[in-house]
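# Fold and contact review
Below, each chain spelled out in residue letters.
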Amino acid sequence: MTVRALKTPAAAALALSAAVAALAGAWAHPILPLGLGAAVLALIALTAWRPLWGAYVLPAVLPWASQAVHTGWLMLDEFDLLVLAVAAGSWGVWVAGALREGDRDAADRVLDRRVLALSAALLGVAAVGGARAWVDGGAWPSWAAFPFADYQSPANTWRSSKALIWAALLLPLWSSGAGAASRRRWVVAWWRGSLAGLATVCTLVVAERLLYAGLLDVWSGYRTTAWFWEMHVGGGAIDAYLSLTVPLAAWWWLRARTARAWWAAAALFVLACHVVLTTQSRGLYGAVLIGSVLAYVLHRRSPLAATGESAGAPRLGNALVVLVVLAQLAWVVLGATAIANRLARSGQDFTHRFDHWRSVASTLGGGADLMLGIGAGRLPARMGERPDSGTPGRLTWADGEGGPRMRLHGPSHAGLDGLRFGAVQRLSDFEAGTWRVRLSYEAQPGLRLLVSVCERPLLSGRRCQWRFIRHATDTARGPVVREIDLFGDSLAPDAALARWREGFFSVSVLTPGAVVEIERLELLDPHGRQRLLNPDFRQGPAHWLPAAQGHFEPWHADNLYLEVLVERGAFALAALLGWLAWTTHSVWRGLLAREPLAGAWLCAVVAIAALGMLISVTEVPRVAWCWWITLGLGLAFERNTSHKSRM
């Protein structure tokens, strides 16, 4: 059998494997297995019926399709299962079309050899990174514990690599078509889905700020996160997402051809700029500014052709949008605000950031590490072992006689603050009164714990009740049972929307080098009702999540290019830079050929390349996948059709 004859059976096996993996993952979901399974089946059917919808749905649902804060899943999430569902439906319908004789849509199944080569390269980079992580050693978790493994586990190589694998799985399909017009459909679908996702993020941020800080509050230090739960150990998940999508919105606003489209685009762009400002991310400010200014320059160089449609912008409309955005910027920068204070100490913070980069680079151990990397996802483990870095805590799980136990570690060495890390669980429905904690645990004498209940969405806290616990009992056997009242702020509703606020229960180990094994952990509200889910850990780690506060350096490099160099080596870094250059060249050719969305793509690529100097997006899989898909789809703007292959 020839290689060409094997391609259709291989695609069929790929579709079947993706469907089985998506359904198996849904079945293992700790909270809603049946509902997620139904969603997977519906998405498979939808993309089998209309494959183009997959390129719209995934970027549209990306901002909320990960609920690690509720499930405790770290290595796997709901978005992974949706990607697999889209891949199963899309490859399935591709195979069905290939088996039909005289298929009218055969031209739409033409795959680009360049993109196939790119997908193979992505899989190769993932494989080398995984092999290096395997060589690095460490105890791999069991299959059941795999989704809950922490970032210092060897399993983190999967989390760091899966964005590459998902991109390789879908890019060949999303770049298919015999002609430029056919391939452009996928670009348009992705662009529209990205705008829908940005609108979702803006909605989530407006709700978040109304609940916790106030929509126009720029004086406090409150930092927006939306539902990017990956930021439970810091990083720039929302920054990376906005750097990609806001330039796309800017292009829509500038190029809108009808008044209705202009009003929608202008509203989205203004609101998105407000969201950007509320993140208090200076790197994001620069990336969005670069992308938006570039969009304006390209728009001015390529004026819209006259058509019979109504004018896009109303008279002086664009000038008004610019004035509103500048007014927002002046409001937060020129006043005595937390944002202004952050901008004022940028030089000092950059010095600290540079020291962190040097510490990350020093994890390279030799020539092999420099060329091939230390292993995908292994940076947190290496940083945790370093005496000049370390971690403020760690959450692992152990098998006890009575069932699973939470094993909570204190700071790895003296000088680190255990307050900066804890095991947390999401809470809602706060009530006035004294909250109480009851816990059963085993620990060495002298251990100090902190338990707290706080109103906070993720990073920025509001009101809290807390209690320090000192374990002084020298018990030979058996766990210690403690029940204590918390004290601190009143959690009584203090605003009209206060009932809708959510927060976290948290437990932290403050003693350096200490470990506590918790057998049961309960939180009693003022009415005596137990409020924690899975308090005895019978469901394993479900509902529990490790979270850091303020000390985030051990988990990421804060530089995309440095993190790729350290974890994957110089060869992978050269490949990434070559990919960026290739996509930029292709998009530029599309811009010269007056492709409608080429300017949007160029602005987005430049913005994410700039932000990569300050954000290492590889530790945020769903946003990293969004970056890789955008770079891959940028190749569709190149009109070279001499290397197309019909599979």
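Residues numbered from 1 in each chain as written. Predicted model: local features only at pLDDT ≥ 70, side-chain atom pairs only at ≥ 80, totals over all residues. Heavy atoms only, no water.

### Comments concerning the state of the cysteines
The criterion, for reference: The disulfide criterion is simple: two cysteine sulfur atoms within 2.5 Å. The numbering of helices and of strands both runs from the N terminus, where a helix is a DSSP run of H or I of at least 4 residues and a strand a run of E of at least 2.
Scanning all chains against the criterion turns up 1 disulfide. Each disulfide pairs two cysteine sulfurs, and for cysteine 454 the partner residue is cysteine 464, the sulfurs being separated by 2.0 Å. Looking along the S-S bond of the cysteine 454-cysteine 464 disulfide, the torsion reads about 115°, which is the right-handed sense. Of this pair, cysteine 454 sits in strand 6 (residues 447-455) while cysteine 464 sits in strand 7 (residues 464-471), and the two are 10 residues apart along the sequence.

### A look at the nonpolar core
Note the threshold: Think of a nonpolar core as a cluster: buried Ala, Val, Leu, Ile, Met, Phe, Trp, Tyr and Cys residues, connected wherever their side-chain atoms sit within 4.5 Å. Relative accessibility decides the category of a residue: with a 1.4 Å probe and only protein chains considered, values under 20% of the type maximum give buried, values over 50% give exposed, and everything between is partly exposed.
By size, the foremost hydrophobic cluster in this structure holds 176 residues, and its most contacted members are Trp174, Trp601, Trp625 and Trp628. Within the second largest apolar cluster, 8 residues are counted, among which are Trp357, Val360, Leu379 and Ala557.

### Some thoughts on the sheet that holds strand 10 (residues 502-509)
Defined as follows: Paired strands are those between which DSSP finds at least two bridges.
Taken in spatial order, the 6 strands line up as 9-7-6-10-4-12 in an open sheet, and their pairing is antiparallel. In the strand order of this sheet, the two ends are held by strand 9 (487-488) and strand 12 (545-548), each with one partner. As defined by bridge partners, strand 4 (residues 421-428) adjoins strand 10 across 6 bridges and the pair is classed as antiparallel. Within strand 10, the position partnered with glutamine 425 by the bridge is phenylalanine 505.

### Let's talk about unusual backbone geometry
Phi at alanine 226 takes a positive value of approximately 55°, unusual for a residue other than glycine. Relative to the assigned elements, alanine 226 resides in the loop between helix 8 (180-212) and helix 9 (237-255). Positive phi values are uncommon outside glycine, yet aspartate 558 reaches one of about 60°. As for its position among the elements, aspartate 558 is in the loop between strand 12 and helix 17 (560-592). Residue classification places aspartate 558 among the buried positions, given a relative accessible area of 12%.

### A closer look at the pattern of salt bridges
Rules: Salt bridges, as used here, are contacts in which a Lys or Arg side-chain nitrogen is within 4 Å of a carboxyl oxygen on Asp or Glu.
Evaluated as defined, the whole model comprises 30 salt bridges. When the shortest N-O distance is used, the salt bridge between arginine 501 and glutamate 455 registers 3.4 Å. Of the two residues, arginine 501 is situated in the loop between strand 9 and strand 10 and glutamate 455 in strand 6; the sequence distance between them amounts to 46 residues. Judged by its relative accessible area of 2%, glutamate 455 is buried. Each member of the salt-bridge network shares a partner with another, and the members are Arg436, Arg438, Glu483, Asp485, Arg520, Glu522, Asp536 and Arg538.

### Quick notes on the side chain of threonine 618
In plain terms, the rule: Any two residues having at least one pair of non-hydrogen atoms within 4.5 Å are treated as being in contact.
Note on placement: threonine 618 falls in the loop between helix 18 (598-611) and helix 19 (621-633). With a relative accessible area of 9%, threonine 618 lands in the buried category. Threonine 618 has contacts with Ser160, Leu560, Glu563, Val564, Ala624 and Trp628, leaving out every residue within four places of it along the chain.

### Description of helix 14 (residues 346-361)
Formally: To estimate the expected span of a helix, count its residues, drop one, and scale the result by 1.5 Å. Here, the arc refers to the directions that run from the helix axis to the C-beta atoms.
Taking 1.5 Å per residue as the helical rise, helix 14 with its 16 residues ought to reach 22 Å, and the 22 Å between its terminal C-alpha atoms agrees with that figure. Along helix 14, the residues that are buried comprise His356, Trp357, Ser359 and Val360. Summarising the axial view, the buried residues of helix 14 lie within an arc of 160°, below the 170-degree limit, and thus occupy one face. Those residues of helix 14 that are exposed and aimed more than 90 degrees away from the buried face are Gln348 and Arg358.

### Considerations on the layout of surface pockets
What counts, and what does not: Here a cavity denotes a set of grid points, spaced 1 Å apart and computed over the protein atoms alone, in which a 1.4 Å probe fits but from which it cannot get out, and a pocket denotes an open set meeting protein on both sides within 12 Å along at least five of seven lines; residues with an atom within 4 Å of a point are reported as lining. Grid points are joined across faces, edges and corners, and a volume is the space filled by probe spheres set on the points. Gly falls in the polar group here, along with every residue not listed as nonpolar (Ala, Val, Leu, Ile, Met, Phe, Trp, Tyr, Cys, Pro) or charged (Asp, Glu, Lys, Arg).
Here the largest pocket is characterised by a volume of approximately 1100 Å³. When the residues that make up the lining of the largest pocket are grouped by side-chain class, the tally is 9 nonpolar, 16 polar and 9 charged.

### Topic: the confidence of the model for the chain
What counts is decided by this rule: The score called pLDDT rates the predictor's confidence residue by residue, from a low of 0 to a high of 100.
In this model, the chain carries a mean pLDDT of 88, and residues with pLDDT of at least 70 account for 93%. When the criterion is pLDDT under 50, residues 1-5 qualifies, and its contacts beyond four places in sequence or with other chains add up to 3 contacts. Contacts from residues 640-647, a stretch scored under 50 in pLDDT, to residues over four places away or in other chains number 24 contacts.

### Section: a nonpolar patch on the surface
Quick reminder of the rule: Like charges are joined within 9 Å and nonpolar side chains (Val, Leu, Ile, Met, Phe, Trp, Tyr) within 5 Å, but only among residues with over 30% relative accessible area and no salt bridge; these make up the patches. Working definition of accessibility: Shrake-Rupley area with a 1.4 Å probe, residue cover restricted to the visible protein chains.
Together, Val128, Leu370, Met371, Leu372 and Phe571 line one region of the surface with nonpolar side chains, adding up to about 410 Å² of accessible area. If you tally residues by element for the nonpolar patch, the top one is helix 15 (residues 367-372), at 3 residues. Looking at the element boundaries, methionine 371 is found in helix 15. With a relative accessible area of 32%, methionine 371 lands in the partly exposed category.

### Examining the packing of helix 9 against helix 10 (residues 259-278)
What counts here: Interaxial angles span 0 to 180 degrees and are taken between N-to-C directions of axes, which are lines fitted to C-alpha atoms, for helices over the stretch in contact. An angle below 35 degrees is treated as roughly parallel, one above 145 as roughly antiparallel, one from 65 to 115 as roughly perpendicular, and anything else as oblique. Left-handed describes a crossing in which the near helix is turned anticlockwise from the far one by less than a right angle; the clockwise case is right-handed.
In the contact formed by helix 9 and helix 10, the axes pass within 8 Å of each other and the chain directions differ by 150°. With respect to helix 10, the axis of helix 9 lies roughly antiparallel. Note that helix 9 runs across helix 10; the crossing there is left-handed. The residues of helix 10 that touch helix 9, namely those facing Leu242, Val246, Ala249, Ala250, Trp252 and Trp253, are Ala261, Trp262, Ala264, Ala265, Ala266, Leu268, Phe269, Ala272, Val275 and Val276. Considering only residue class, the contact of helix 9 with helix 10 consists of 16 nonpolar, no polar and no charged.

### Some thoughts on the sheet that holds strand 8 (residues 480-485)
In spatial order, the strands read 2-3-11-5-8; together these 5 strands make up an open sheet with antiparallel pairing. Here the strands that pair on one side only, and so sit at the sheet edges, are strand 2 (394-400) and strand 8. Ignoring strand direction, the axes of neighbouring strands in this sheet form an average angle of 35°. Bridging between strand 3 (residues 403-409) and strand 11 (residues 515-524) involves 4 bridges; their strand directions are antiparallel. Directly across from histidine 409, in strand 11, lies its bridge partner valine 515.

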